[in-house]
Amino acid sequence: MLELNFAPVFKALDQLLAAALYSLGIGIVGMALALLVGTLGVALSQMRSRAARRAVLVYVDVFRGTPLLVQVLVFFYAPAAVGVPFFSPYIAGTVALALYYGAYVLEIMRGAFEGVPAGHVDAARSLGMSGARIFWRIQLPQTLAVVISPLAGQFARLFKASSLLSVIGVTELTVRGHIIMTNTLAPIETWLVVAGIYLFFNSIILIGALYVERRLTLWRP
Amino acid sequence: MKLDFQALFDPRQVTDNIDLLLAGAWTTIQLSALSIVFAAAVGIVLSVLRSSRWKVVSAAARVWIELIRGTPLLVQMYILYYGFPSLGITLSPLAAAALALALNSGAYVGEILRTAIQAVPRAQGESGRAMGMGFIATQVRIVYPQAFPIALPGLIGEVIDIVKWSAIGSIVVVPEATQVVSQIVAQSYRGFGIMFLTLALFYLALTGSLAALGRRLEKRMTRHRMRLAHA
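Here is what the cut-offs are and how they apply
- Residue numbers here run from 1 along each chain, matching the order of that chain's written sequence.
- Labels are handed out in written order, letters beginning with A for the chains and numbers beginning with 1 for the ligands.
- In keeping with the model being predicted, local features are shown solely for residues with a pLDDT of at least 70 and side-chain atom pairs are shown and tallied solely at 80 or more, while totals for entire chains, interfaces and linings include all residues.
- Only hydrogens and water are set aside when side-chain values are computed; all heavy atoms of the structure are taken into account.
- Secondary structure elements follow DSSP: runs of H or I no shorter than four residues count as helices, runs of E no shorter than two count as strands, and numbering proceeds from the N terminus.
- The buried label applies to any residue whose accessible area, calculated with a 1.4 Å probe on protein chains only, is under 20% of its type's maximum; exposed applies above 50%, and partly exposed to all values in between.
- Residue contacts are defined here by distance: any two heavy atoms, one from each residue, within 4.5 Å place the two residues in contact.
- In this description, accessible areas are obtained by the Shrake-Rupley approach with a 1.4 Å probe, and a residue is regarded as covered only by the protein chains that are shown.
- Just so you know, the count uses Lys and Arg for positive and Asp and Glu for negative, and it drops His and the chain ends.
- By convention, the point assigned to a charge is CZ for Arg, NZ for Lys, CD for Glu and CG for Asp.
- By convention, a stacked pair of Phe, Tyr or Trp rings (six-membered ring in the case of Trp) has centres within 6.5 Å and planes under 30 degrees apart, an edge-to-face pair has planes over 60 apart, and any other such pair is tilted.
- Among the buried residues, those of types Ala, Val, Leu, Ile, Met, Phe, Trp, Tyr and Cys that are joined through side-chain atoms within 4.5 Å form a nonpolar core.
- As a working definition, buried area equals the accessible area (1.4 Å probe) given up by two parts on being put together, with both sides summed.
- We define a salt bridge as a contact between a side-chain nitrogen of Lys or Arg and a carboxyl oxygen of Asp or Glu at a distance within 4 Å.
- Polar contact criterion, stated in full: a pair of N or O atoms within 3.5 Å, where within protein one must be able to donate a hydrogen and the other to accept it, and residues adjacent in sequence count only if both atoms are side-chain atoms.
- Angular values range over 0 to 180 degrees, each being the angle between N-to-C directions of two axes fitted as lines to C-alpha atoms, with helices fitted over their stretch in contact.
- Should an angle fall under 35 degrees it is taken as roughly parallel, and over 145 as roughly antiparallel, whereas 65 to 115 is taken as roughly perpendicular and any remaining angle as oblique.
- Left-handed describes a crossing in which the near helix is turned anticlockwise from the far one by less than a right angle; the clockwise case is right-handed.
- Under the grouping applied here, Gly and all other residues not named as nonpolar or charged are polar, the nonpolar ones being Ala, Val, Leu, Ile, Met, Phe, Trp, Tyr, Cys and Pro and the charged ones Asp, Glu, Lys and Arg.

*Asks:* Looking at this structure, how should I read the overall build of chain A?
*Replies:* Scanning chain A for helices and strands turns up nine helices and zero strands. Mapped from its N terminus to its C terminus, chain A presents α and β elements in the order α-α-α-α-α-α-α-α-α. On the principal axes, the C-alpha backbone points of chain A span a range of 70 × 50 × 30 Å. The 221 residues of chain A split such that 47% are buried. Taking contacts inside chain A between residues at least 6 apart in sequence as the whole, the part at least 24 apart equals 80%. Carbon and sulfur atoms make up 68% of the accessible area of chain A, which amounts to about 11,100 Å² in all. Taking the average place of the 16 positive charges on the side chains of chain A and the average place of its 9 negative ones, the gap between the two points comes to 14 Å.

*Asks:* Even after reading the chapter, I still don't get the packing of aromatic side chains, so can you show me in this structure?
*Replies:* Inspection of the entire model under this criterion finds 20 aromatic pairs over all chains. With centroids separated by 5.2 Å and ring planes inclined at 50°, the aromatic side chains of Phe192(B) and Phe196(B) adopt a geometry described as tilted. Taken together, the residues Phe192(B) and Phe196(B), both in helix α10 (residues 192–221) and four residues apart, mark about one turn of the helix. Taking relative accessible area as the criterion, Phe196(B) reaches 5% and is therefore assigned buried. Through a chain of ring-to-ring contacts, three or more aromatic side chains come together here, namely Phe76(A), Tyr77(A), Tyr189(B), Phe192(B) and Phe196(B).

*Asks:* Would you take a moment to explain the side chain of Thr28(B) for this structure?
*Replies:* Residues and elements named next belong to chain B. With respect to the helices and strands, the residue Thr28 is situated in helix α3 (residues 18–50). In this structure Thr28 comes out as buried when scored by relative accessible area, which is 0%. Ignoring anything within four residues of it in the chain, the contact list for Thr28 reads Ser166, Glu176, Ala177, Phe202, Tyr203 and Leu206.

*Asks:* Before we go on, may I ask you to explain the environment of Ser188(B) in this structure?
*Replies:* Residue placement: Ser188(B) occurs in the loop between α9 (177–187) and α10. As for Ser188(B) and Gln13(B), which are separated by 175 residues in sequence, their C-alpha atoms are 9.9 Å apart.

*Asks:* How do you make sense of the environment of Leu140(A) when you look at a structure like this?
*Replies:* Structurally, Leu140(A) is set in helix α7 (residues 131–161). You can call Leu140(A) partly exposed: its relative accessible area is 23%.

*Asks:* How do you make sense of unusual backbone geometry when you look at a structure like this?
*Replies:* Leaving glycine out, the prevailing phi sign among residues is negative, and the prevailing peptide bond configuration is trans. Positioned with a positive phi, Leu185(A) is a non-glycine residue whose angle comes to about 55°. Residue position: Leu185(A) is located in the loop between α8 (173–184) and α9 (187–216).

*Asks:* Mind showing me how you'd approach the nonpolar core here?
*Replies:* For soluble globular proteins, the rule of thumb is that nonpolar side chains tend to be buried together. Within the largest apolar cluster, 86 residues are counted, with the highest numbers of intra-cluster contacts made by Leu68(A), Tyr101(A), Trp165(B) and Phe196(B). Setting aside residues no more than four positions away along its own chain, Trp165(B) makes contact with Leu68(A), Tyr100(A), Tyr101(A), Ala161(A), Leu164(A), Leu73(B) and Leu101(B). Val109(B), Ile112(B), Ala116(B) and Leu155(B) belong to the second largest nonpolar core, which has nine residues in total.

*Asks:* Where do I start with the interface of chain B and chain A in this structure?
*Replies:* Think of interface size as the accessible area that goes away when the parts come together; that is how it is often given. Contacts between the two partners involve 36 residues from chain B, matched on the other side by 40 residues from chain A. Both sides together, the interface formed by chain B and chain A hides about 3,300 Å², and carbon and sulfur atoms give 76% of it. It is Lys164(B), Trp165(B) and Tyr189(B) in chain B that bury the most area against chain A; as a group they hold 16% of the surface buried on that side. Where chain B packs against chain A, one counts one salt bridge. Between Asp161(B) and Arg157(A) there is a salt bridge, with its nearest N and O atoms 3.6 Å apart. Across the chain B-chain A interface, the total number found is eight residue pairs in polar contact (both at pLDDT 80 or more). Mapped onto the side of chain B that touches chain A, the elements with two or more residues apiece are α4 (55–69), α5 (73–83), α8 (135–165), α9 and α10 of chain B.

*Asks:* How do you make sense of the side chain of Gln13(B) when you look at a structure like this?
*Replies:* Tracing the chain through its elements places Gln13(B) in helix α2 (residues 12–16). Once you skip the residues sitting within four places of it in the chain, Gln13(B) turns out to touch Ile184(B), Arg190(B), Gly191(B) and Met195(B).

*Asks:* Please explain the pattern of salt bridges as it appears in this structure.
*Replies:* Proximity of charged atoms lets side chains of opposite charge pair with each other. All names here are of chain B. Summed over all chains, the structure comprises nine salt bridges over all chains. Close ionic contact of Arg122 with Glu126 constitutes a salt bridge, the shortest N to O distance being 3.7 Å. In this pair, Arg122 and Glu126 both sit in helix α7 (residues 122–130), four residues apart, roughly one turn of the helix. Between Lys164 and Asp161 there is a salt bridge, with the nearest N and O atoms lying 3.8 Å from each other.

*Asks:* Got a minute to help me understand the packing of helix α6 (residues 118–126) of chain A against α7(A) in this structure?
*Replies:* When two helices pack together, their arrangement is given by the angle between the helix axes and by the axis-to-axis distance. All names here are of chain A. For the pair α6 and α7, interaxial distance at closest approach is 10 Å and the crossing angle is 160°. Taken together, the axis directions place α6 and α7 in an arrangement best described as roughly antiparallel. Every pair of crossing elements has a handedness; the one defined by α6 and α7 is right-handed. On the side of α6, the interface is formed by His120, Val121, Ala124 and Arg125, while α7 contributes Ile134, Ile138, Gln139 and Gln142. Looking at side-chain class alone, the contact of α6 with α7 contains four nonpolar, three polar and one charged residues.

In structure tokens form, the structure reads like this:
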């Protein structure tokens, strides 16, 4: 039986943690953009224009129906293929993450938004509240409360999936893992430590979401 | 540089490489099918362990599921592909990719099956027992048939996810669809547009037909519920 020796990998732990923070940064920016995409999508899907609603459906189907890796590759290669000389892999990768998970976020938010009972909106209107006020005070708080837990799940998935950006040379945690594996010649130890770091930040995301969810549902009896 | 759409969408790139592309598509289907079968097996085992009466067993299954769900599929594949040889187990790229996909998806499948079984009213199983059926007969004839339609949407989602994520096989050079296309595109940007368009349409056709199949299956399996609702 082989003895695992983590010492060489732990010596490089500071490099791995720095790369992990970089991954987390990509995750946060990607998730913020995904939320933006989702919000815009929900707004479009509530419009009267059939073209707008159709466009949202096509977007969701295309981005959820193809692999994230393929989308990452397209966003990375496309600028060079059409002759844009320099395009940062960091931007290409983050945009791909945001659009892929944005489609999932959109569906979650739309489901929750349309799930707010119509009676609540009617009640607010009969109390003389304006449309905007109804949105901010009645529809949004109830949507947010339902949506936090599944959105946190998507955030965790997005953070894990940021490892795919290693393919286009974004120097995040998985790329750093490759370098350290080559330097230490300890592949299993390296990847176990990398996995542990992903697990650690993932748990923080999910525990944080539980806390936020509890705060947002305080009004519930 | 001027944009040359004719070159980017040159259909000759596809027709010239049609053999490679078809072989890649077939490998994607094989890799996905293999992973789906193993993921189902892993999921069934995990759901049984997870609902075990022995606390140690169910806790161990729970920890395993959390470990798998908390780490990236790509890193899991690297542990198998780069790490396992130092344990004396060398896996081919295809085996490493299939095993990683199966272990990853299996953790999700296990939870889908467990929650579906829990969603079947307890009285159903108890009635079966009261009628004199054995435990296994009750599970197989009464509980599982009712749990399956509940689990179905989640399971279809997992199948589609496996097909999509099988693309990461390309990273350890499994010659599947994404790998074939990236390799051709890496040689020349000529036909870049049409290559990735073809690739995307291939995945859309696969995931789209799986989703349609899932919806039909779901409708069939919940027919009895509809009939009750109309009565």
